Structure formats: structure tokens, C-alpha cells
Amino acid sequence: MKTVYLLRHAKSSWNHPTLSDYDRPLSPRGRKAAPRMGAHMAREGFLPDRVLCSGAQRARESWELVEEAMGAKVAAQIMETLYHAGPGDILTLLHGVSSKAGSVLVVGHNPALEDLALALVATGDPKALQRLESKFPTGALAILDFPAQSWKEVREGRGHLRAFVRPKDVK
């Protein structure tokens, strides 16, 4: 089994109009939501073996806060290509992951993460699927399981949506 965690970066700040989009940091709301999601991941046992994280400031900050709250060190690869990646690009990156890793967390951006999650899902919890189809807000996490031995077997229409968690769902 292979598990894909898709985490949209937490809420970013628009308070610095001179910063490029790539360099925007998290907002105070985002700095609260990211560790809440990390603590939830740890409580539920959603611990990735590998992390692929966008190089954008808000994505890197989100991952750092999630990792700290999880209380686990995970090998993370900061990838500039994830900043403008489309769903197919992300799937290609997943296909390149070593089969030794059972789970991968992708920290990235919309619309790519939402589009990828919707393309991968074949089955899953109906309520979670309804929330995912409605909106993939900042800080949200989609967890998809695949009956696969290799990451190359992770394909569109083959995933099972185990959970879709938004920051507002976590206490």
C-alpha cells in the first residue's frame, strides 16, 4: 500500500505588497493552523516517510510548523518545481519516489493539489469526498491510499480517500 498526503500550505499573508508571491510568509492565522494540523497528523498516525515541499516561503513555513508539531523528523525535499506544478507534474514527481517509502506528503498549492486529489480519487468516505469536492482550503489535508507496491502504480482514478481534514475541523 502507498499513501499520499496532500497538504495545501497554510493561510499566507498579504501584508507586504512589495514581496513577490513566492516570498509571501504565513499570516498569523496560518501560523496557528499549521501546527494544529501537524498535531492532528501525529495523533492520527498520519506520519509520512518522505516530504516533497514547494520552495515558496509559505509552503516551507507550513511544513516546518507541521513537522515540529508532529514531533518527528522526516526527510524533506524542497522543490522549486512544485511552486508552479500542475497535477500531472506532481504525479510524475510521486512516480519517482523510491518504493521503500510507503507514504509521501506533498506540501503545495492550489489549484494543483485540489485537481490532483479529485483526479486520483476513485472511492472513499462520502462526507470527506463531499468536503473535498466543495473546496480545498489553505491548510487542508487529503489522505489517499493506493493498493500499490510501486509509486508508478499510483494513478488517476485508483485512490481511496481515507480522510479530508481542514484546519477548522481540528480542535
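Refer to the preceding data block for the structure.
Residues numbered from 1 in each chain as written. Predicted model: local features only at pLDDT ≥ 70, side-chain atom pairs only at ≥ 80, totals over all residues. Heavy atoms only, no water.

Caption draft 1: Representation of the sheet that holds strand β2 (residues 50–54). Pairing is mixed in the open sheet, where seven strands are placed in the order β3-β2-β4-β1-β6-β7-β5. Pairing within the sheet leaves two strands with one partner each, and these edge strands are β3 (75–79) and β5 (121–124). Here the average twist between neighbouring strands, direction ignored, is 25°. Direction of pairing for strand β1 (residues 2–8) relative to strand β4 (residues 103–108): parallel, over a ladder of six bridges. Within the sheet, the bridge partner assigned to T3 lies in β4 and is S103. (Pairing = 2+ DSSP bridges. Helix = DSSP H or I, 4+ residues; strand = E, 2+ residues; numbered from the N terminus. Axes fitted to C-alpha atoms, helices over the stretch in contact; angles between N-to-C directions.)

Caption draft 2: Fine view of the side chain of H95. Tracing the chain through its elements places H95 in helix α3 (residues 87–95). For H95, the side chain forms a polar contact with the main-chain oxygen of V154, separated by 2.7 Å. Excluding its chain neighbours within four sequence positions, the residues that come into contact with H95 are W151, K152, V154 and R155. (Polar contact = N/O pair within 3.5 Å; in protein donor to acceptor, adjacent residues only side chain to side chain. Contact = heavy atoms within 4.5 Å.)

Caption draft 3: Structural view of the nonpolar core. Core analysis: the largest hydrophobic core is formed by 31 residues, its most contacted members being L6, I90, L94, V106 and F136. Among the secondary structure elements, those contributing two or more residues to this core are β1, α3, β4, α4 (112–120), α5 (126–134), β6 (141–146) and β7 (159–165). Look past the residues within four positions of L94 in its chain and what remains in contact with it is V4, L52, V104, V106 and W151. Formed by 22 residues, the second largest nonpolar core is a distinct cluster that contains M37, M41, A59 and V107. (Core = buried A, V, L, I, M, F, W, Y, C linked by side-chain atoms within 4.5 Å. Buried < 20%, exposed > 50% of the residue type's maximum accessible area, 1.4 Å probe, protein only.)

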